[in-house]
Amino acid sequence: MTTDHVLEVRNLSVRYGPALALHDVSFDVRAGSVTAVLGTNGAGKTTLARALCGLVRPSAGSILFDGTDLVGRRADQIARAGLMYLPEGRGIFPGLSVGDNLRMATVSHPREQRSENIDRAVEYFPVLAERLGQRAGTLSGGEQQMLSLARALALRPPLVIADEMSLGLAPKMVDMVFEGLAAAAAAGTSILMIEQFVHRSLAMADSALVIRRGGLAWQGPADGAAEAVEEHYVPSGRT
Ligand code: ATP
C-alpha cells in the first residue's frame, strides 16, 4: 500500500445474478484528491459506488481503504471507518432545525470537536449559516442537499463518494454544491465524484475514470481526459 493512497481498488467485479455489471476494475485514489467518475447511463458508476461502500458485495477483487480490505464488511462498518456514500436523496430530519441536524450528525464526536466540525461544515455551505434555526423540511431542495452534504462532511471523513449530488438542482445551487465539495477537498477529504456535469467535474478533479459497459475504459489526469470522454462517453448535452 502506497501511503499517499487512501483507496486501492484491484480487479473489482460485481454481478447482479448472471449479469456482470462491473468487471476487473482497478484504480487508486490519492489522499486529498478529487476523482471524477464518468460514464453513460448504465455504465456501472453507481454499481462501483455501491460496491465500495458495502451496499453490494463484489464477486471478485479487493478494496483497500487505508490499508484494510473492505470486501465482506457491512455498509455501516465501512461508513464508520470513514468511507461515506452520499447518494442522491437526503437523509435529513425534516422536523429538526438545520443546526440540530448538524449537531445530530456529530453526536458521536468528542464534545470539544463538535462545534468546530459543525462550523467547518457550515463554512463549506455558507447558505446554511443563515438557516441554522430554520426547520430542515422547509429548506429548498438544493439547500436540503447541502445540509445532507454538510452533515457528512462535518464528520471529516477521509473519503466521500458524491453520487449525482447536483441532480435536479437549480444552477445556482449546483454552483454551491461544487464549491462546498471543492472546499472539503481542499481541507483534505478525498472525493469520488459521479456527476452528470462532465466538464465541471473535470475542471474540479485531479484525475478521472471513464467507465464503459462495466469496465474501466480510461483513467488518468483530469486535464487529459477530454479525448477519452469524446471517445467513450456520449455527452448528453450538459456541461
Ligand atoms: P446511471 O447513471 O443510469 O445511474 P450507472 O453508470 O450508475 O448508470 P449502474 O446503475 O451501476 O449504472 O448500472 C450498471 C448496470 O447494472 C446496468 O446495466 C443496470 O441495468 C444494471 N443494474 C443496476 N442495478 C441492478 C440491480 N439491482 N439488479 C440487476 N441489474 C442492475
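It should be emphasised that the depicted structure is a prediction, and the values quoted were computed from it without experimental measurement.

What counts, and where the lines are drawn
Residues numbered from 1 in each chain as written. Predicted model: local features only at pLDDT ≥ 70, side-chain atom pairs only at ≥ 80, totals over all residues. Heavy atoms only, no water. Near = heavy atom within 4 Å. Polar contact = N/O pair within 3.5 Å; in protein donor to acceptor, adjacent residues only side chain to side chain. Helix = DSSP H or I, 4+ residues; strand = E, 2+ residues; numbered from the N terminus. Nonpolar A, V, L, I, M, F, W, Y, C, P; charged D, E, K, R; others polar. Pairing = 2+ DSSP bridges. Contact = heavy atoms within 4.5 Å. Axes fitted to C-alpha atoms, helices over the stretch in contact; angles between N-to-C directions. Expected span 1.5 Å × (residues − 1). Buried < 20%, exposed > 50% of the residue type's maximum accessible area, 1.4 Å probe, protein only. Core = buried A, V, L, I, M, F, W, Y, C linked by side-chain atoms within 4.5 Å. Parallel < 35°, antiparallel > 145°, perpendicular 65-115°, else oblique. Left-handed = near helix turned anticlockwise from the far one by under 90°.

Draft legend 1. Main features of the site of the ligand. Residues in close proximity to the ligand include Tyr16, Ala21, Thr40, Asn41, Gly42, Ala43, Gly44, Lys45, Thr46 and Thr47, which together make up its full environment. Between Gly42 and the ligand, the recorded distance is 2.7 Å, taken from a backbone N or O atom to an oxygen atom. At three residues, the largest contribution of residues to the shell around the ligand is made by helix H1 (residues 45-52). Taken together, the residues of the shell around the ligand sort by class into three nonpolar, six polar and one charged.

Draft legend 2. Main features of the sheet that holds strand E2 (residues 19-30). Sheet architecture is open: four strands sit in the order E2-E1-E4-E5, paired in antiparallel fashion. Every other strand in the sheet has two partners, leaving E2 and strand E5 (68-69) as the edge strands with one partner each. By the bridge criterion, two bridges tie strand E4 (residues 60-65) to E5 in an arrangement that is antiparallel. Residue Phe65 lies in a different strand from E5, and its bridge partner there is Thr68. Of the strands in this sheet, strand E1 (5-16), E2 and E4 touch H1, which is tilted by about 115° from E1.

Draft legend 3. Expanded view of helix H5 (residues 141-153). End to end, H5 covers 18 Å across 13 residues, agreeing with the expected 18 Å (1.5 Å per residue, within 8%). When you tally the buried positions in H5, you get 12 out of 13 residues, the bulk of the element. Listed in full, the buried residues belonging to H5 are Gly142, Glu143, Gln144, Gln145, Met146, Leu147, Ser148, Leu149, Ala150, Arg151, Ala152 and Leu153. For H5, the elements touching its buried residues are strand E6 (83-86), helix H3 (98-105), helix H4 (111-124), strand E7 (159-163) and helix H6 (171-186).

Draft legend 4. Just the sheet that holds E7, in detail. Spatial ordering of the open sheet is given by E6-E7-E8-E3-E9-E10, a layout of six strands whose pairing is mixed. Strands at the two margins of the open sheet, each flanked by one partner only, are E6 and strand E10 (215-221). Ignoring which end each strand starts from, the neighbouring axes of this sheet average 15° apart. In this structure, strand E3 (residues 34-38) lies alongside strand E8 (residues 190-194), joined through four bridges in parallel fashion. The partner of Thr35 across the bridge, within E8, is Leu192. In the packing of H6 onto the sheet, the strands contacted are E3, E7 and E8, and the crossing angle to E8 comes to about 150°.

Draft legend 5. Examining the side chain of Ser190 more closely. Its place among the elements puts Ser190 in strand E8. With a relative accessible area of 1%, Ser190 lands in the buried category. Contact partners of Ser190, with chain neighbours within four places excluded, come to Val6, Val29, Arg30, Ala31, Gly32, Ser33, Pro158, Leu159 and Val160.

Draft legend 6. Spatial organisation of the pairing of E4. Inspection of the sheet shows E1 paired to E4 by five bridges, in the antiparallel sense. Paired with Ser13 across the bridge in E4 is Ala60. Hairpin remark: E4 followed by E5, antiparallel, with two residues in the connecting loop; positive phi at Asp66, about 50°.

Draft legend 7. Region of interest: the nonpolar core. Counting residues in hydrophobic clusters, the biggest one holds 50 residues, and the most contacted among them are Leu38, Phe125, Leu147, Leu149, Leu181 and Leu202. Setting aside its immediate chain neighbours within four residues, Leu202 contacts Ala36, Leu38, Ala208, Ala222, Ala225 and Val229. Within the second largest apolar cluster, 29 residues are counted, among which are Leu22, Val25, Ala49 and Phe65.

Draft legend 8. Seen up close, the packing of H3 against H5. Where H3 meets H5, the closest approach of the two axes is 8 Å, and the angle between their N-to-C directions is 30°. On the basis of their axis angle, the class for H3 and H5 is roughly parallel. Considering only the axes of H3 and H5, their crossing is right-handed. Counted together, Val98, Asn101, Leu102, Met104 and Ala105 of H3 and Leu147, Ala150 and Arg151 of H5 form the full contact between these two elements. Residue classes in the contact of H3 with H5 are distributed as six nonpolar, one polar and one charged.

What is shown is where atoms sit, not what they do.
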